[in-house]
Amino acid sequence: MGTLYAVDRDGKKYQLAGRDRASLMEILKQGGLALEALCGGSCMCATCHVYVDPEWLDLLLPPTEAETGTLREEAEGIQANSRLGCQIQWHDGLDGIRLRVAPEN
Ligand code: FES
């Protein structure tokens, strides 16, 4: 289990329980955050774009070429800490991770 701390586009803070084998996108959506996730987690739409707190970036697996390409082609407001929430799977090592939902495209 563990806890994910998130901030939505309106600045509202959430404290959500992590779930094994769920993506961060799924945890955020089920936790009530407005995240479109139009492609359903297929790495196609970038509507699950999040900014991961920089101190957590090195604890994540690096983005695949597909994730990097979708961010580059579909997302706006890309930052060094931009990731696609659907491409990060929850595991206990992420307990305490903090992120913010990126502005809508
Ligand atoms: S849900 Fe579409 S890229 Fe993540």
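Please refer to the structure higher up on the page.
Residues numbered from 1 in each chain as written. Predicted model: local features only at pLDDT ≥ 70, side-chain atom pairs only at ≥ 80, totals over all residues. Heavy atoms only, no water.

A. The arrangement of the overall build of the protein chain in detail. In terms of helices and strands, the protein chain carries three helices and five strands. In the protein chain, the order of α-helices and β-strands from amino to carboxyl end is β-β-α-β-α-α-β-β. Computed over C-alpha atoms, the radius of gyration of the protein chain comes to 12 Å, within 12% of the 13 Å expected from 2.2 N^0.38 for 105 residues, which places it in the range of a compact globule. Counting only C-alpha atoms and orienting by the principal axes, one finds that the protein chain spans roughly 35 × 30 × 25 Å. For the protein chain, with 105 residues in total, the buried portion stands at 45%. Sequence separation of 24 or more characterises 65% of the internal contacts of the protein chain that already satisfy a separation of 6 or more. In the form shown here, the protein chain has an accessible surface area of approximately 5800 Å², with 49% of it arising from carbon and sulfur atoms. For the protein chain, the centre of its 10 positive side-chain charges and the centre of its 16 negative side-chain charges are spaced 5 Å apart. (Helix = DSSP H or I, 4+ residues; strand = E, 2+ residues; numbered from the N terminus. Rg over C-alpha atoms; globule rule 2.2 N^0.38 Å. Buried < 20%, exposed > 50% of the residue type's maximum accessible area, 1.4 Å probe, protein only. Contact = heavy atoms within 4.5 Å. Areas by Shrake-Rupley, 256 points an atom, 1.4 Å probe, with all protein chains shown as cover. Lys, Arg positive; Asp, Glu negative; His and termini not counted. Charge placed at Lys NZ, Arg CZ, Asp CG, Glu CD.)

B. Molecular detail of the pattern of salt bridges. On inspection of all chains with the given rule, the structure shows two salt bridges. Between E36 and R9 there is a salt bridge, with its nearest N and O atoms 3.4 Å apart. Residue E36 is found in the loop between α1 (24-30) and β3 (49-52), and its partner R9 is found in the loop between β1 (3-7) and β2 (13-17); the two are separated by 27 residues along the sequence. Close ionic contact of R83 with E67 constitutes a salt bridge, the shortest N to O distance being 2.8 Å. You can see R83 sitting in strand β4 (residues 82-84) and its partner E67 sitting in helix α3 (residues 65-74), a full 16 residues away along the chain. (Salt bridge = Lys/Arg side-chain N within 4 Å of Asp/Glu carboxyl O.)

C. The arrangement of the pairing of strand β5 (residues 98-101) in detail. Here β5 shows a buried face lined by L99 and V101 and an unburied face lined by R98 and R100. Judged from the three bridges that link them, β3 and β5 form a sheet pairing that is antiparallel. Directly across from V52, in β5, lies its bridge partner L99. (Pairing = 2+ DSSP bridges.)

D. The arrangement of the packing of aromatic side chains in detail. Summed over all chains, the structure comprises zero aromatic pairs. The ring of Y5 carries the charged tip of R98 above its face, separated from the ring centre by 4.4 Å. (Phe/Tyr/Trp six-rings, centres within 6.5 Å; stacked < 30°, edge-to-face > 60°. Lys NZ or Arg CZ within 6 Å of the ring centre and 35° of its normal.)

E. Quick look at the pairing of β3. The alternating pattern of β3 places H49 and Y51 on one face and V50 and V52 on the opposite face, and all of these are buried. Here β3 pairs with β4 via three bridges, running antiparallel. The residue of β4 that forms the bridge with H49 is L84.

F. How the structure looks around the nonpolar core. Ranked by size, the top nonpolar core spans 29 residues in total, and within it L4, L24, L28 and I97 carry the most contacts. Ranked by residue count, the leading element in this core is α1, at four residues. For I97, the residues in contact, after removing those within four places along its chain, are T3, L4, Y5, L24, V52, W56, L60 and W90. (Core = buried A, V, L, I, M, F, W, Y, C linked by side-chain atoms within 4.5 Å.)

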